[in-house]
Amino acid sequence: MTGDVDSCAACLRRSHLIGRLAPRIAGLLGRRRPVGLLALKEEELVRALGGRGAGAARRFLASFDDAGARRALRGAGVHATCIHRGGYPPTLLELHDPPAVLYARSDARRLATLLRQPAATIVGTRAPSAHGLEVARGLGRDLAAAGVTVVSGLALGIDAAAHRGAVDGGDGVLAVLACGVDVPYPQANRGLYERIAQRGAVVSELPPRVPPMRWSFPARNRIMAALGGITVVVEAAEPSGSLITAVHAEDLNRPVGAVPGQVTAARAAGSNRLLRDGAVVIRGAVDVLDELFGVGRHAGAGGAPAADGAGSLDPRLREVLDGVEGGAGVEAIAGATGLAPADVRASLGRLELMGLIARAGLASYTRTVA
Amino acid sequence: MLASVATFAIEGVESIEVTVEVDIRRGLPAFTIVGLPDAAVREARERVRSALLNSGLDFPQKRLTANLAPADLRKSGPSFDLALAVALLGASGQVACDDLDSYAVCGELSLGGGLRPVAGAIALALGAREAGYRRLIVPMENVAEAALVDGVEVLGVPRLGLIAGLLRGTWRPDRTRPGEKRPPAAAHAPDMVDVRGQADAKRALEIAAAGGHHLLMVGQPGVGKTMLARRLPGILPPPRFEEALEVTRIHSVAGTGGGGLVAERPFRAPHHTISASGLVGGGPTPRAGEITLAHRGVLFLDELGEFSRGALEALRQPLESGVVQVSRGQRSLTFPAAAMLVAACNRCPCARDPRACDCTEIDRVRYARRLSAPLLDRIDLVCEVGPAPPPRPVASAPAVEERSQAIAARVAEARERQARRLAASGGSCNAAMSGPEARRHAALDRLGSISLVSGHERRPLTGRGQDAVLRVARTVADLDGRVGVEAGDVEQALSFRIDPAWTVAA
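Residues numbered from 1 in each chain as written. Chains lettered and ligands numbered in written order. Predicted model: local features only at pLDDT ≥ 70, side-chain atom pairs only at ≥ 80, totals over all residues. Heavy atoms only, no water.

A word on the overall build of chain B
Scanning chain B from N- to C-terminus turns up 22 helices and 18 strands. Counting only residues that meet the buried cut, chain B has 51% of its 506 residues in that class. Counting only contacts in chain B whose residues sit at least 6 apart along the sequence, the fraction spanning at least 24 positions is 73%. Entry remark: accessible area of chain B is about 22400 Å², with carbon and sulfur atoms responsible for 51%. (Helix = DSSP H or I, 4+ residues; strand = E, 2+ residues; numbered from the N terminus. Buried < 20%, exposed > 50% of the residue type's maximum accessible area, 1.4 Å probe, protein only. Contact = heavy atoms within 4.5 Å. Areas by Shrake-Rupley, 256 points an atom, 1.4 Å probe, with all protein chains shown as cover.)

What about the overall build of chain A?
The number of helices and strands found in chain A is 16 helices and 12 strands. Here chain A has a C-alpha radius of gyration of 23 Å; the compact-globule value for 370 residues is 21 Å, and the two agree. With respect to the three principal axes, the spread of C-alpha positions in chain A is 80 × 40 × 35 Å. Buried positions account for 56% of the 370 residues belonging to chain A. Sequence-distant contacts in chain A: of pairs separated by 6 or more residues, those separated by 24 or more amount to 72%. Put simply, chain A shows about 15100 Å² of open surface, and 51% of that area lies on carbon and sulfur atoms. Placing the 43 positive and 34 negative side-chain charges of chain A at their respective mean positions leaves the two points 9 Å apart. (Rg over C-alpha atoms; globule rule 2.2 N^0.38 Å. Lys, Arg positive; Asp, Glu negative; His and termini not counted. Charge placed at Lys NZ, Arg CZ, Asp CG, Glu CD.)

As for the packing of aromatic side chains
Any aromatic ring pair is given by two values, namely how distant the centres are and how the planes are angled relative to each other. The tally for this structure, following the rule as stated, stands at 5 aromatic pairs over all chains. The residue whose ring lies beneath R345(A) is F496(B), and the NZ or CZ to ring-centre distance is 3.8 Å. We note R135(B) situated over the ring of Y103(B); from NZ or CZ to the ring centre the distance is 4.8 Å. (Phe/Tyr/Trp six-rings, centres within 6.5 Å; stacked < 30°, edge-to-face > 60°. Lys NZ or Arg CZ within 6 Å of the ring centre and 35° of its normal.)

With respect to the packing of helix α4 (residues 121–131) of chain B against helix α10 (residues 241–254) of chain B
Residues and elements named next belong to chain B. Packing of α4 against α10 leaves a shortest axis separation of 7 Å and a crossing angle of 120°. Residues A121, I122, A123 and L126 of α4 form the contact with α10, whose own contacting residues are L245, T248, R249, S252 and V253. For the contact of α4 with α10, the class distribution of residues is 6 nonpolar, 2 polar and 1 charged. (Axes fitted to C-alpha atoms, helices over the stretch in contact; angles between N-to-C directions. Nonpolar A, V, L, I, M, F, W, Y, C, P; charged D, E, K, R; others polar.)

A word on the side chain of R267(A)
Locating R267(A) in the fold gives a position in the loop between β9 (256–258) and α12 (269–276). The side chain of R267(A) sits in the buried core without any salt bridge; E235(A) is the nearest counter-charge, 4.7 Å away. Looking at R267(A), its side chain comes within polar contact range of the main-chain oxygen of A127(A), at 2.9 Å. Leave out the neighbours within four places in its chain, and R267(A) touches A127(A), P128(A), S129(A), E235(A), A236(A), A237(A), C357(B), D358(B) and R364(B). (Salt bridge = Lys/Arg side-chain N within 4 Å of Asp/Glu carboxyl O. Polar contact = N/O pair within 3.5 Å; in protein donor to acceptor, adjacent residues only side chain to side chain.)

Description of the nonpolar core
In this structure, L139(A), L143(A) and V234(A) are the most contacted members of the largest nonpolar core, which totals 63 residues. The contacts of L139(A), once residues within four sequence positions are left out, are I122(A), V232(A), V234(A), I282(A), G284(A), A285(A) and V288(A). If you look at the next biggest cluster of nonpolar residues, it comprises 47 residues, including L205(B), I207(B), A414(B) and F496(B). (Core = buried A, V, L, I, M, F, W, Y, C linked by side-chain atoms within 4.5 Å.)

Considerations on the interface of chain A and chain B
The interface of chain A with chain B comprises 32 residues on the first partner and 38 residues on the second. Across the chain A/chain B interface, buried area totals approximately 2800 Å², and carbon plus sulfur atoms make up 53% of it. Sorting the residues of chain A by area buried against chain B places R345(A), L353(A) and L362(A) first, and these three jointly supply 29% of that buried surface. The partner of E491(B) in a salt bridge is R350(A), with the nearest N and O atoms 2.5 Å apart. Joining chain A to chain B, the criterion identifies 9 residue pairs in polar contact (both at pLDDT 80 or more). Counting residues per element, the ones that place at least two in the side of chain A that touches chain B are α7 (130–145), α15 (330–337), α16 (341–353), β11 (357–360) and β12 (364–367) of chain A. Ranked by the residues each element gives to the side of chain A that touches chain B, the list is headed by α16(A), at 9 residues. Across the side of chain A that touches chain B, the residue classes tally to 16 nonpolar, 7 polar and 9 charged. (Buried area = accessible area lost by both parts, 1.4 Å probe.)

Observations regarding the pairing of strand β1 (residues 2–11) of chain B
Residue and element names in this part refer to chain B. Of all 10 residues in β1, 7 are buried; the element is thus mostly enclosed. In this sheet, strand β2 (residues 14–25) lies alongside β1 in antiparallel orientation, the contact comprising 10 bridges. Directly across from S4, in β2, lies its bridge partner E21. Hairpin geometry of β1 and β2 is characterised by an intervening segment of 2 residues between the two adjacent antiparallel strands and by a positive phi of about 70° at G12. (Pairing = 2+ DSSP bridges.)

Here we look at the sheet that holds strand β4 (residues 119–123) of chain A
Residue and element names in this part refer to chain A. One open sheet holds the 10 strands; their spatial order is β1-β2-β3-β7-β6-β5-β4-β8-β9-β10, and the pairing between them is mixed. Across the chains shown, the open sheet's two edge strands, defined by having one partner strand only, are β1 (5–6) and β10 (280–281). As defined by bridge partners, strand β6 (residues 173–176) adjoins strand β7 (residues 201–204) across 3 bridges and the pair is classed as parallel. Note on β7: the bridge partner recorded for L174 is A201. On top of the sheet, helix α8 (residues 158–169) reaches β4, β5 (149–152) and β6; it is set at about 155° to β6, its chief contact. Contacts from helix α11 (residues 241–251) reach β4, β8 (231–233) and β9, with the element oriented near 150° to β8.

Some thoughts on the pairing of β5(A)
Residues and elements named next belong to chain A. Where burial is concerned, the two faces of β5 agree: the one with T149 and V151 and the one with V150 and S152 are both buried. Pairing geometry for β4 and β5, over 3 bridges, is parallel. Within β5, the residue paired with A119 across the bridge is T149. Taken together, β4, α7 and β5 constitute a β-α-β crossover, and its handedness is right-handed. In terms of handedness, the path from β5 via α8 over to β6 forms a crossover that is right-handed. (Right-handed = clockwise from strand over helix to strand, strands pointing away.)

Quick word on the sheet that holds strand β18 (residues 381–384) of chain B
Residues and elements named next belong to chain B. Ordered in space as β11-β14-β17-β10-β18, the 5 strands form an open sheet in which the pairing is parallel. Two strands in the sheet have a free side with no partner beyond their single neighbour: β11 (267–268) and β18. Where strand β10 (residues 215–218) lies against β18, 4 bridges are found, and the strand directions are parallel. Opposite L215, over in β18, you have L381 as the bridge partner.

A closer look at the side chain of H16(A)
As for its placement among the helices and strands, H16(A) is situated in helix α1 (residues 9–29). In contact with H16(A), other than residues within four places in its own chain, are F60(A), F64(A), A69(A), Y103(A) and P207(A).

Remarks on α12(A)
Along an α-helix, a turn takes 3.6 residues, which lines up residues three or four apart on a common side. G270(A), S271(A), N272(A), L274(A) and L275(A) are the residues of α12(A) that are buried. Just beyond α12(A), the residue with positive phi is G278(A), at close to 110°.

A look at the confidence of the model for chain B
Residues and elements named next belong to chain B. In the predicted model, chain B carries a mean pLDDT of 85, and the fraction of residues at 70 or more is 89%. Per-residue pLDDT stays below 50 along residues 183–187; that stretch engages in 3 contacts with residues further than four places along the chain or on separate chains. For this predicted complex, the interface score ipTM comes out at 0.78, while the overall pTM is 0.74. (pLDDT = per-residue confidence, 0-100.)

Details of the pattern of salt bridges
Residues and elements named next belong to chain B. Under the counting rule described, the total for this entry stands at 48 salt bridges over all chains. Note that D478 and R474 form a salt bridge whose closest N and O atoms lie 3.1 Å from each other. Remark: R474 and D478 occur in helix α20 (residues 463–479); sequence separation between them is 4 residues, near one turn of the helix. As far as the burial class goes, D478 and R474 line up, both buried.

Remarks on unusual backbone geometry
Note the cis peptide between Y185(A) and P186(A), where omega equals 0°. Looking at where P186(A) falls in the secondary structure, it is placed in the loop between β6 and α9 (190–199). Following A69(B), the chain continues into P70(B) via a peptide bond in cis, with omega recorded as 5°. Structurally, the position occupied by P70(B) is in the loop between β4 (63–69) and α3 (81–91). A positive phi angle, near 75°, is found at R209(A), a position not held by glycine. Along the polypeptide, R209(A) turns up in the loop between β7 and α10 (216–227). For E303(B), which is not glycine, the phi torsion reads 55° and is therefore positive. Since its relative accessible area comes to 24%, E303(B) is described here as partly exposed.

Next up, the structure:
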């Protein structure tokens, strides 16, 4: 498949400049949000670099091979759209420092659809609880099934779970990378990366082959916030990169949602704080769809959130299920309910066969999202 | 003149026959030993010479040549001393040669003519019996062990000087009684009653014991996994005589025996720094590994994630087949290795309380890979061990924990039922059942099969996974005394299996 390059020369050059300067930008920015720097005009950007960097940048600009760059992109099957073209997603224009060029690995028509239909951004911690993983996966699946593009960052943990759910539920999956679209980062998720490139789209503001930098992650987060009609933080500690995405969403006047987590768990402290500060409570895909379309106005992901797919359960099974939800092991459940371990285990097996719980880790169970 | 005497040498945990020939010629006095002797065997020349002279026997000042056949087998250790001395006596006419035919002779000599014990007396006696020797001469200290073997008459000799009389028939040793069974040391055998709470883990041990299933315990350090594992041999049925003999032989050869019949099941807990050959055996002179020393007993691997990959991989073959095959040049030795495996590990690499844990998926996946998927594949049971319950206030009624004896009784009955059921096919316990056997013997009632077959679509059971679940379900039913396997048994078995995601390479 050849890439479709629809970009003016100036934007292409600027984008490649950023890519080339990426390491130096790191020096300038540290970990702060790269606000402003990416919004600078080309000449100001070069001056900001100062010294030898400026010299190298000027030389680069002078010798930039536009035709060569386009050929390389087409050959690599990477699409590129600049700000000035029709294919550029209008949602990104709301940023005050939108990416000059958006690169993508995807089927061209698929990409257009994904960027056109309503989208929701799902982010969270890289070390989630079993509950967080379940919820993220469920959200991804149900939103994709409802025709919503699920946007996330391919990171370990919540991002990956949301992507996997979306791939299960349909094709509405879009990953925004903090590096070139041909570099699967993190390596551990390369299998997922390939599936997303085939079924959905992988996008980035950086040209191919540019590796991820410290600053490119917060920069990427602004793109995720802009692409989504709502940003949902499933589980986040304090501090967390996903909270930065939420801040960008607020700056853009987009709704921010969060999933309630255990108040005693440090890994949910950030997402819980968002709720305290007014974020929308997200219990499932329905809550997201209500925010995007208005309450009850969507042909939705069926029914009320999972909570009682376990509607009419035998009381013993219900007791054991509650125990699992509370994170207890067999011994603890036996102690709390007075059941013999053998009966607790039989109940666990039954609940697993009913699909209400699933294995998490070597020996423990977690409640599933129906 | 030429004389030859039969003796036995230890190879692996068995013995192999060695023929000691001595030839005496006229010529300059010399004493040569051939047949690939090691240093200790070569030094036998000094010991034999002094021992004979100090016993009032004659050491011919002639050209002496001794051969230890077969000539291509390396000979090591001092156990050939006595055979050399006796062959010499025969070759020099001090005893009649034809008297030597029906005897096998083993022992180390001291310079003064006394006899010193050798390792592996049971193995030597078994070898002698197999080879058809009716009588075995050994030092006094080896008599108790060697006499456990019937079919061969064990004669204990305290001094070389009496050998001549023995062989000529003028002296008889005292009647030997077979070694007493070592008393099971009941006083300090670990008992389940010592463990507070942990009902689920105790049950997992009971099921493991009843069906011979391997078990993995998951929990933070210090919760009592080792304490529980040590109590497993106590709930296993006592070994049958043949099994006890096997264990005694292995430990006799290894030098860890006590000189009598070993009547308890062994418990081995090697440290995780052990090498592959330390764990399964091998080395330049092939020695038994920990899994062989645990034969008919329990091999406990604590901190499973800390063992080297090589060591864990080496366990696959013996866990599957019950033996270890070691190649030694052109020969191959077989070590018995039918041990129950109990392994312990943490929930995740940080080994902290789950609520304080901040391991990422990648940390957990790396930890899972260290546990060796093929090894986990062979473990049918996993259970979590949590922190011990707090001590009860003195005033309240004491919690009634079950004694090992009671648990052992249930285990023994379950084993009986299995033995009867499997007698036809030659198996001995549920854990060793093949897939087809498991499906036949755990034939589920209609409800049960529906349960399993529709094992939830998110993580459907593989064929292998289903068979493992059936084996455990069969044991659960056996413990309950039921002939048929019910849905509830299958559900329990499902909860015991290791999450397949950990057994399949990610």
